[in-house]
Every structure is written in C-alpha cells, then in structure tokens.
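Here is what each chain is made of, one letter per residue.
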Amino acid sequence: MEKIVFTAEGQEAVEFYVLEQTRLGGIDYILVTDSREGDGEALILRDVSGMEEEEAVYEIVSDDEELNAVAAVFENMLDEIELT
C-alpha cells in the first residue's frame with residue numbers, strides 16, 4: 001500500500017495510505033485512509049492540480065452528489081470496503 005504525505009501551508013505533514021485510485025469525467029480521485037490496517041478514517045480526494053504543476057494538489061470531496069458517485073465506484077472496486 002502506497003503511503004503519501006500531505007502538507008498544507010503552515011501545518012504539520014499528514015500521512016495517508018492510498019487504497020485505490022480512479023478517473024471519472026476527466027478528474028482523478030484517490031481513496032485514502034489514515035490507518036495501514038484495521039478500521040481507519042477514509043477520505044476521497046480530488047486532484048485539482050494543473051498540468052504544469054510539479055506536485056499533485058488534492059482537496060477533500062465534499063459535494064454530496066460527487067461524493068456518492070465516486071464512493072460507489074470505489075465500493076465496486078474494493079468489494080470488502082463499505083464507505084459510509
């Protein structure tokens with residue numbers, strides 16, 4: 001499982017583990033968790049970086065309709081995971 005580090009300006013770095021990734025409607029999404037094993041908190045993040053940016057920029061998906069659509073895709077990809 002790949003581990004990635006997120007840093008926000010003026011804040012401490014936060015590590016997440018990437019469970020899965022997908023592309024919908026030309027937008028890249030990743031499903032991450034804060035725990036390598038067991039029950040951890042999961043987040044769906046959208047890549048908002050431009051083509052010219054060296055590092056990816058992600059934001060948490062908060063729109064309910066978008067979140068439900070992407071969560072359904074991830075649930076199909078990972079049968080053993082239930083996103084609620």
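Below: a short report on this structure. (Residues numbered from 1 in each chain as written. Predicted model: local features only at pLDDT ≥ 70, side-chain atom pairs only at ≥ 80, totals over all residues. Heavy atoms only, no water.)

1. Re the side chain of T22
Then step 1. Relative to the elements of secondary structure, T22 occurs in strand β2 (residues 14–24).
Then step 2. Those residues in contact with T22 that sit more than four places away from it in its chain are I27, D28, Y29, V73, F74 and M77. (Helix = DSSP H or I, 4+ residues; strand = E, 2+ residues; numbered from the N terminus. Contact = heavy atoms within 4.5 Å.)

2. Some thoughts on the nonpolar core
Then step 1. With eight residues, the main nonpolar core is built from Y29, L31, I44, V61, V70, A71, F74 and L78.
Then step 2. Looking at this core, the elements with two or more residues in it are β3 (27–33) and α1 (64–77).
Then step 3. Here the element with the most residues in this core is α1; it accounts for three residues.
Then step 4. Non-local contacts of V70, meaning those with residues more than four positions away in its chain, are made with L24, Y29 and I44. (Core = buried A, V, L, I, M, F, W, Y, C linked by side-chain atoms within 4.5 Å. Buried < 20%, exposed > 50% of the residue type's maximum accessible area, 1.4 Å probe, protein only.)

3. Focus: the sheet that holds strand β1 (residues 3–6)
Then step 1. The strand order β1-β2-β3-β4-β5 describes an open sheet built from five strands, whose pairing is antiparallel. Among the strands making up the open sheet, the edge pair consists of β1 and β5 (58–60). On average, adjacent strands in this sheet sit at an angle of 45° to one another, irrespective of strand direction.
Then step 2. Across five bridges, the pairing between β3 and strand β4 (residues 42–47) is antiparallel. What sits directly across from I30, in β4, is L45.
Then step 3. Those strands touched by α1 are β2, β3 and β4, and its axis lies near 95° from that of β2. (Pairing = 2+ DSSP bridges. Axes fitted to C-alpha atoms, helices over the stretch in contact; angles between N-to-C directions.)

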